[in-house]
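Read off the chains here:
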Amino acid sequence: MRVLGIETSCDETGLAVYDSDQGLLAHVLHSQVDMHQHYGGVVPELASRDHVRRVIPLVKSVLTDSKLTGKDIDGIAYTAGPGLIGALLVGVAVGRSLAYGWGVPAVAIHHMEAHLLAPMLEDNPPQFPFVALLVSGGHTQLVEVRQPGDYRLLGESVDDAAGEAFDKTAKLLGLGYPGGPALAKLAEQGNPARFRFPRPMTDRPGLDFSFSGLKTCALNTVKTEDNDQQTRADIARAFVDAVVDTLIIKCRRALEETGLRTLVVAGGVSANRQLRERLTEVGSQMGALVYFPRPEFCTDNGAMIAYAGYVRLKAGQREPLSFAARARWPMTELQRLGTRD
Ligand code: KG4
Ligand code: ZN
């Protein structure tokens, strides 16, 4: 089965073709970062308009790269939520229409489910069940994944997502948008002993997170210290260490509470080198296997949508001719899938 995946939930237009026998055939991505940078964040209306401009040319180029035509596609998967409603509607409308035109089934994909399935695209994929840490710009969640479609939410952020906290802290350190990767880079030159930020919500039981206070810590430190490059690097270091430690404490706790020994880490922040290294260490201490997607599939992409689409189409899921996008969509509302091959 060959599935075309379409991702337009935020500021990346991502297209891919996944083949159930050969794996990923091709994927292409257009990032809108340059356009939004000017405004210091994503401007939803500009995002939607840019997806409109990019999506059809990208469908053509991913088919060319795969050496296929529309006739070779057996199903279409598009991100239907959560995300920016106008941006989502572009991918949903194009995906549903192409499926109608080509006479193939369509399937609506939950963006966070696609993130957590992204490590399945790698050569050594994780086995179910596992604990997933989802850390993106919009979400921070710990999920018990029994099988695709069967999810139990263990904990989530009560305020900012981890990626959002990275971006906001980066902005107040003058690092532009999206600042997460730049902040992580700056932190590498920082002195870990100079400032210490709290590890929020780790002193009480439970698996929820709170990251908005860390941004305030960074802001207060910026206000009281000299604004030299080393100080900014030291603040970045204190911030990254606090986020990474907090995520590690909660992952450890989630593995202990569920008794599971497989951890999957996905979403944009899972590209973070410090987080990957430290979680891999924790995994070996706990006798747990830790899986990450390759860095380019940590952030938004079409490949994870095509793969999630394949999983759901294989299980028999089909969309009606109507279509809908959902800005908010709890993952626990997803349809459970059979284990049919
Ligand atoms: O998954 P994603 O591409 O989009 C959403 O679904 O939100 O995640 C984007 C987020 C941004 O907040 C970005 O700053 C963050 O992931 N991010 C990183 C790194 N790369 C991306 N945060 C920390 N370190 C990184 N290397
Ligand atoms: Zn994402």
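Here, every reference points to the structure presented above.
In this report, the structure presented in the accompanying data block is examined.

Moving on: the overall build of the chain. If you tally the helices and strands in the chain, you get ten helices and ten strands. The C-alpha atoms of the chain give 20 Å as radius of gyration, which agrees with the globular expectation for 341 residues (20 Å, within 12%). By its C-alpha atoms, the chain is 60 × 45 × 30 Å across when sized along the principal axes. Evaluated residue by residue, the chain yields a buried proportion of 55% over its 341 residues. Pairs at least 24 residues apart make up 73% of the contacts formed inside the chain by residues separated by at least 6 positions. In the form shown here, the chain has an accessible surface area of approximately 14,500 Å², with 50% of it arising from carbon and sulfur atoms. Charge centroids of the chain, computed over 36 positive and 39 negative side chains, lie 2 Å from each other.

With that settled, the discussion passes to the environment of Val158. You can see Val158 is positioned in the loop between β8 (150-156) and α5 (162-172). A relative accessible area of 53% places Val158 in the exposed class. Placed 52 residues apart in sequence, Val158 and Ser210 show a C-alpha to C-alpha distance of 5.5 Å. Dropping the residues within four chain positions of it, Val158 is found in contact with Met201, Asp208, Phe209 and Ser210.

On to the pairing of strand β9 (residues 262-266). Most of β9 is tucked away, with five of its five residues classed as buried. Along β9, one buried face is formed by Thr262, Val264 and Ala266 and the opposite face, lined by Leu263 and Val265, is buried too. Sheet topology places strand β6 (residues 130-135) next to β9; four bridges connect them, and they run parallel. Bridging from a neighbouring strand, Val131 pairs with Leu263 of β9. Handedness of the crossover joining β9 and strand β10 (residues 289-291) through helix α9 (residues 273-286) is recorded here as right-handed.

Here we have five strands laid out as an open sheet, ordered β3-β2-β1-β4-β5, and mixed in their pairing. The open sheet is flanked by β3 (23-31) and β5 (106-110), the only strands paired with a single partner. Across the sheet, the mean angle from the axis of one strand to that of its neighbour is 20°, orientation sign disregarded. Direction of pairing for strand β4 (residues 75-81) relative to β5: parallel, over a ladder of five bridges. Paired with Tyr78 across the bridge in β5 is Ala108. Each of β1 (2-7), β2 (12-19) and β3 touches helix α2 (residues 44-65); the most contacted strand, β2, lies at about 25° to it.

The rules behind these values
- Residue indices begin from 1 for each chain and proceed along its sequence in written order.
- Chains and ligands are labelled sequentially in the order written, the chains with letters from A and the ligands with numbers from 1.
- Whole-chain, interface and lining totals are the exception, using all residues; otherwise, since this is a predicted model, local features are given only for residues with pLDDT of at least 70 and side-chain atom pairs are given and counted only at 80 or more.
- Water and hydrogen atoms play no part in the side-chain values, which are based on all heavy atoms of the structure.
- By definition, any uninterrupted DSSP run of H or I lasting at least four residues is a helix, any uninterrupted run of E lasting at least two residues is a strand, and each is numbered from the N terminus.
- Only the C-alpha atoms count toward the radius of gyration. The rule for a globule is 2.2 Å times the residue count to the power 0.38.
- The buried label applies to any residue whose accessible area, calculated with a 1.4 Å probe on protein chains only, is under 20% of its type's maximum; exposed applies above 50%, and partly exposed to all values in between.
- Every residue pair with non-hydrogen atoms within 4.5 Å of one another is taken to be in contact.
- Residue burial considers only the protein chains on display, and all accessible areas are found by Shrake-Rupley using a 1.4 Å probe.
- Note on charges: Lys and Arg go in the positive column, Asp and Glu in the negative column, and His and the chain ends are not counted at all.
- Think of each charge as sitting on NZ of Lys, CZ of Arg, CG of Asp or CD of Glu.
- When DSSP finds at least two bridges between two strands, those strands are taken to pair.
- Assignment of crossover handedness uses the view with strands pointing away from the viewer, where a clockwise path from the first strand over the helix to the second indicates a right-handed crossover.
- Axis angles are defined between N-to-C directions and span 0 to 180 degrees, where every axis is a line fitted to C-alpha atoms and, for a helix, only to the segment in contact.

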